[in-house]
Amino acid sequence: MSSVPRFLATAARQARPAARYTAPTASLQQQRRGNATAVDPPRQKAWTREEIQEIYDAPLMDLIFQAASVHRLNQPRNEVQLATLLNIKTGGCAEDCSYCAQSSKHAKKVGLKAEKLTEVEPVLAEARKAKANGSTRFCMGAAWRSLEGRKRGFDRILKMVEGVRAMDMEVCTTLGMLTPEQAQQLKKAGLTAYNHNLDTSREYYPKVVTTRKYDERLETIEAVRAAGISVCSGGIIGLGEETTDRVGLIYEMSQLPEAPESFPVNALVPIPGTPLEENTRVTVNELLRCIATARIVLPTSIIRFAAGRISYTESEQAMCFMAGANAIFTGERMLTTPTSGWDEDISMLNRWGLRQMKSFESPTVVAKETPELMAATEGRRLEEAAAAAAAAPAPTA
Ligand code: SF4
């Protein structure tokens, strides 16, 4: 490890606080487009891979201190977003991701039966439950390589997106590869974000997945961006990769024209029957290094501590929040892996003085929303506040 973290010392200054938590200002161009709530997309700093490696290798306490400083400059302080992820189509996937229970290649050994796409109403019922319990983002995952030949299924998903957005929740989907036209249809239906992980570095990727290429992932991310949808893209640690691959993943994100609005960090949950079933648990040290490095390099992104969280103690999770994580998945399950529930997670946040982030609080996410949808959300919020005020008991003299 480097004893003088040259780049770390100035990281907080270098990371441009473009999405600092202040009221967004519309650019002239955006005003002309009539998108008056938008902010200019944050410009990414031109990191080199060596700089990011130096940050990753810094003494852990220095690294966390700097990450926490960058976090405070760029993100709502002491706030964590609660998201719920529901599988709307389980198993039978044509891809061969070596970590995943849903690949048809591992189905026999895993013992997971493929299911059909869920109907709209049960999904909306799950979203309502998630909202009532405190989640502000609802994500829906379908185990598909792409939407090719799935027009009826896609139409159903568009209805799900419309229904969840009408609840004023942030709505996200992960459906495999998208064409630019499909991305535009999702945008029209009100989709807030699309998840499409790069998983690991470009070099290590072929050791994890052989049925698709890194550049195909980037093409879908480009289609999502072009449609004006927030990008959620991150990776998994514990796949057997080197630290240089973790740095490589973060470097790839830093090279995108616009930083992803959300960067999920998953700690591998080794699933019996998958090729990675024997992999060992990611250490807290490794986890913290990934989160903190991502926070410094991607200051405006929500850093999402995703799969594997329940295998870390509460204090270890609190360290992750200190290092810059500001979103978690909570609820009954997270796709095919277990997660902790709402009550447990909200109690944990309360013990550490952390508040739940509201929906559409991140300026970079709001910047991608249409003014019409945001106005409708604002209107409903005002109505709810007025109804709550009217129902409150009158103050006594
Ligand atoms: S991770 Fe996604 S794309 Fe890969 S096998 Fe699982 S469901 Fe399919």
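Just so it is clear, the model here is predicted, and its values are computed rather than measured. (Residues numbered from 1 in each chain as written. Predicted model: local features only at pLDDT ≥ 70, side-chain atom pairs only at ≥ 80, totals over all residues.)

**Let's talk about the overall build of the chain**
Helix and strand content of the chain: 17 helices and 12 strands. For the chain, the share of sequence-separated contacts (at least 6 apart) that also reach a separation of at least 24 residues comes to 80%. (Helix = DSSP H or I, 4+ residues; strand = E, 2+ residues; numbered from the N terminus. Contact = placed C-beta atoms within 7 Å.)

**Examining the pairing of strand E8 (residues 302-305)**
Here E8 shows a buried face lined by Ile302 and Arg304 and a second buried face lined by Ile303 and Phe305. Pairing of strand E7 (residues 262-267) with E8 involves 4 bridges; the strand directions are parallel. Directly across from Ser262, in E8, lies its bridge partner Ile302. With helix H13 (residues 284-297) bridging E7 and the parallel E8, this β-α-β connection has right-handed handedness. In terms of strand pairing, E8 meets strand E9 (residues 327-329) through 2 bridges, oriented parallel. Directly across from Phe305, in E9, lies its bridge partner Ile328. (Buried ≥ 20, exposed ≤ 12 C-beta atoms within 10 Å, placed from the backbone. Pairing = 2+ DSSP bridges. Right-handed = clockwise from strand over helix to strand, strands pointing away.)

**Considerations on the nonpolar core**
Core analysis: the largest hydrophobic core is formed by 93 residues, its most contacted members being Tyr194, Val224, Val265, Ile291 and Ala294. With 8 residues, the single largest contributor to this core is H13. Residues contacting Val265, with those up to four places away along its chain left out, are Gly234, Ile237, Cys290, Ile291, Ala294, Ile303, Arg304, Phe305 and Ala306. (Core = buried A, V, L, I, M, F, W, Y, C linked by C-beta atoms within 7 Å.)

**With respect to the site of the ligand**
By nearness alone, every residue bordering the ligand is listed as Cys93, Glu95, Cys97, Cys100, Gln102, Ser103, Ala143 and Gly176. Class assignment of the residues belonging to the shell around the ligand gives a composition of 4 nonpolar, 3 polar and 1 charged. (Near = placed C-beta within 6 Å. Nonpolar A, V, L, I, M, F, W, Y, C, P; charged D, E, K, R; others polar.)

**Considering helix H4 (residues 49-56)**
Summarising burial for H4: 6 of the 8 residues are buried, a large majority. Regarding H4, the residues found buried are Glu51, Ile52, Gln53, Glu54, Ile55 and Tyr56.

**With respect to unusual backbone geometry**
Trans is the prevailing form of peptide bonds, just as negative phi is the prevailing case for residues other than glycine. Notably, Asn78 is not glycine yet its phi reads approximately 55 degrees, a positive angle. Relative to the assigned elements, Asn78 resides in the loop between helix H5 (60-74) and strand E1 (79-89). Not every positive phi belongs to a glycine, and Asp168 is a case in point at roughly 65 degrees. On the secondary structure map, Asp168 appears in the loop between helix H8 (151-165) and strand E3 (170-174).

**What about the UniProt feature "binding site: [2Fe-2S] cluster" (unreviewed entry) in the chain?**
Residues annotated by UniProt as "binding site: [2Fe-2S] cluster" (unreviewed entry) correspond here to Cys139, Cys172, Cys232 and Arg304. Spatially, the listed residues are clustered: although they cover 166 residues, their C-alpha atoms lie within 13.4 Å of one another. Mapped onto the elements of the fold, Cys232 is located in strand E5 (residues 230-232). With 30 C-beta atoms counted inside 10 Å, the residue Cys232 sits in the buried group. (UniProt positions renumbered as here; feature names shortened; annotations may be inferred.)

**Looking at H13**
A rise of 1.5 Å per residue sets the reference length of H13, with its 14 residues, at 20 Å; its end C-alpha atoms lie 20 Å apart and thus fit the reference within 8%. Across the 14 residues that make up H13, a large majority, 11, are buried. Inspection of H13 places Leu287, Leu288, Arg289, Cys290, Ile291, Ala292, Thr293, Ala294, Arg295, Ile296 and Val297 among the buried residues, and these make up the whole buried set. (Expected span 1.5 Å × (residues − 1).)

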